[in-house]
Amino acid sequence: MFMAEKETVDKASGMKHYAGLAVFSSAVGHALDGLDLMILGFAMSGIMASFNIDKTTASTLTTITLAGAFLGGLVFGRLADKYGRIRVLTYSVIFFGVFTLFSAFAPNFFLMALFRFLAGVGIGAEFGIGMAIAAEASSPANRAKATSGVGLGFQVGVLLASLLSAPILTAFGWRGLFAIGIVPAIVAILIRVFVPEPPLYLKHRQTAKEHGSIRQLFSTPERVRFSIAIIILCTVQNCGYFGIMTWLPSYLNTELNLSLTSTGIWTAVTVLGMMLGISVFGFLADHLGRRPAFWIFQIGAAIMVVVYSQLKDPNALLIGGFFMGMFANGMIGGYGALISELFPTELRATAQTALYNTGRFIGGGLGPVVIAAIATGHGFGFALATIASIYIIAFITMFFIPEKKGAALE
């Protein structure tokens, strides 16, 4: 091991709260992801009016952003396996922050789409590399709780978007929402300056023959099975999440006649439910096992999206939204633990970013478009209820994932 890397390992090993700091810094980075994608939902109405486009066309911005994330996942994941998790994550945050800011000044839909794609490239690194850092820095007994902690960061970003969007829209319009995207990026970069690379990664980097090769994700029949199963799970997760959250503010505002301020509050309560769900999921996954935790939440998600689609009373929507959010997105941190346990250290960041972003591109890209198309003819409530069926697919897929609760990482 090089002297500089030995010093880094010693520094991290000697830090009393290294695992907590590593998870926190990764969560802050992932918060940018949540903030950015949620403000897009709140900005949709303004974007449609400014560029004179319809709902279906506007929804392609989510697809375009996730297409960028797919590309970013392939690129940044490989770089993180080769050059370092913290280093590459910092570069990706800078890339993301710059093009989020550029989105605020887009003069037409074409450039808006281009800037969203490039911001998405940076976003593609946030989930996967952050999850790899959290998994490698934590103990086997607390791994799911650690990766769930990173997942919580995403929801903090979403919550901030929910609470800040109404006053920012009122004062500055939709462009103001994207202008704030550069601020947390600066904070995240400052935090990461003080976080060394995970010792487990540095130790493996010196002995691994190959770092971050996409083809290695499919190099054996077992890895093919794992990779396909993870892509299916991530596709279902993101189809449900983005299908719901992209159009929820618009649905509450236009179909149920809630004010813009009330819409933000109702959405914020849904996000709070997601935050509780993520915390509970991490605890259950570390104590009961990965499979039982996923099955409990998949069944809960299927039931709650159907229940929520039937609600009309504002108070009932508040309570129903909390529990729908709890089950529909509580599983997000679990994918970080699953992928980390299925693939070795020299391939971990590549697997995290490539597989998750493939599922996010497919599910997150299709979800908002399909929901918009169904809602046009049948209303958002009916469109929402159709999401329940996808969680059955995820339930079955979990049979193809081995239980590795408490296992040491390769």
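These numbers were taken from a predicted model, which means no experiment stands behind them.

Geometry of a packed helix pair, given as the angle between the helix axes and the separation of the axes. Where helix 5 (residues 109–137) contacts helix 14 (residues 332–342), the axes come no closer than 9 Å and their chain directions differ by 65°. Classified by the interaxial angle, the pair formed by helix 5 and helix 14 is roughly perpendicular. Between helix 5 and helix 14 lies a crossing whose hand is right-handed. Here Phe-127, Met-131 and Ala-135 of helix 5 come into contact with helix 14, specifically with Ile-332, Gly-333, Tyr-335, Gly-336 and Ser-340. Tallied by class, residues from the contact of helix 5 with helix 14 come to five nonpolar, three polar and no charged.

By size, the foremost hydrophobic cluster in this structure holds 103 residues, and its most contacted members are Ile-47, Phe-178, Ile-230, Phe-343 and Tyr-391. When residues of this core are assigned to their parent elements, the largest contribution, 13 residues, is made by helix 2 (residues 18–51). Non-local contacts of Ile-230, meaning those with residues more than four positions away in its chain, are made with Leu-338, Ile-339, Leu-342, Leu-355 and Ile-401. If you look at the next biggest cluster of nonpolar residues, it comprises 15 residues, including Ala-80, Val-88, Leu-89 and Val-195.

Per the counting criterion, the structure on display carries eight salt bridges. Residue Asp-286 is joined to Arg-290 by a salt bridge in which the shortest nitrogen-to-oxygen separation is 3.1 Å. Accessibility expressed as a relative area gives 8% for Asp-286, which makes it buried. One salt bridge connects Glu-341 with Arg-290, and the closest N-O pair in it is separated by 2.4 Å. One end of the pair, Glu-341, is in helix 14; the other, Arg-290, is in helix 12 (residues 290–309), and 51 residues separate them in sequence.

The geometry of helix 2 relative to helix 6 (residues 143–172) is characterised by a closest axis approach of 6 Å and an angle of 40° between their N-to-C directions. With respect to their mutual orientation, helix 2 and helix 6 come out oblique. The two elements helix 2 and helix 6 meet at a crossing, and its hand is right-handed. Across the contact of helix 2 with helix 6, the residue classes break down as 15 nonpolar, nine polar and one charged.

Here we come to the side chain of Arg-143. Mapped onto the elements, Arg-143 comes out in helix 6. In terms of polar contacts, Arg-143 uses its side chain to reach the side chain of Glu-341, at 2.9 Å. Each residue touching Arg-143, except ones within four places of it in the same chain, is listed here: Ala-135, Ser-138, Asp-286, Arg-290, Ala-337, Glu-341, Ala-407, Ala-408 and Leu-409.

The next thing to look at is the confidence of the model for the protein. Across the protein, pLDDT averages 83, with 88% of residues at or above 70. For the protein, helix 1 (residues 3–14) is the element with the lowest average pLDDT, namely 48, and helix 17 (residues 388–397) is the one with the highest, namely 92. Here residues 1–8 scores under 50 on pLDDT; set against residues more than four positions off or in separate chains, the count is twelve contacts.

Next up on the list: empty space enclosed by the protein. The full count for this structure, using the stated rule, is two cavities of 30 Å³ or more. Considered as a void within the structure, the second largest cavity measures approximately 60 Å³ in volume. Taken together, His-30, Phe-154, Gln-155, Gln-237, Asn-238, Tyr-241, Phe-242, Asn-329, Ile-332 and Tyr-356 make up the full set of residues lining the second largest cavity. Looking at the lining of the second largest cavity, the elements with two or more residues in it are helix 6 and helix 10 (221–255). The greatest single-element share of the lining of the second largest cavity, amounting to four residues, is contributed by helix 10. A per-class count over the lining of the second largest cavity returns five nonpolar, five polar and no charged.

Definitions and cut-offs
- Residues numbered from 1 in each chain as written.
- Predicted model: local features only at pLDDT ≥ 70, side-chain atom pairs only at ≥ 80, totals over all residues.
- Heavy atoms only, no water.
- Axes fitted to C-alpha atoms, helices over the stretch in contact; angles between N-to-C directions.
- Helix = DSSP H or I, 4+ residues; strand = E, 2+ residues; numbered from the N terminus.
- Parallel < 35°, antiparallel > 145°, perpendicular 65-115°, else oblique.
- Left-handed = near helix turned anticlockwise from the far one by under 90°.
- Contact = heavy atoms within 4.5 Å.
- Nonpolar A, V, L, I, M, F, W, Y, C, P; charged D, E, K, R; others polar.
- Core = buried A, V, L, I, M, F, W, Y, C linked by side-chain atoms within 4.5 Å.
- Buried < 20%, exposed > 50% of the residue type's maximum accessible area, 1.4 Å probe, protein only.
- Salt bridge = Lys/Arg side-chain N within 4 Å of Asp/Glu carboxyl O.
- Polar contact = N/O pair within 3.5 Å; in protein donor to acceptor, adjacent residues only side chain to side chain.
- pLDDT = per-residue confidence, 0-100.
- 1 Å grid on protein atoms, 1.4 Å probe; cavity = no way out; pocket = protein on both sides within 12 Å on 5 of 7 lines; lining within 4 Å.
- Points joined across faces, edges and corners; volume = space filled by probe spheres on them.

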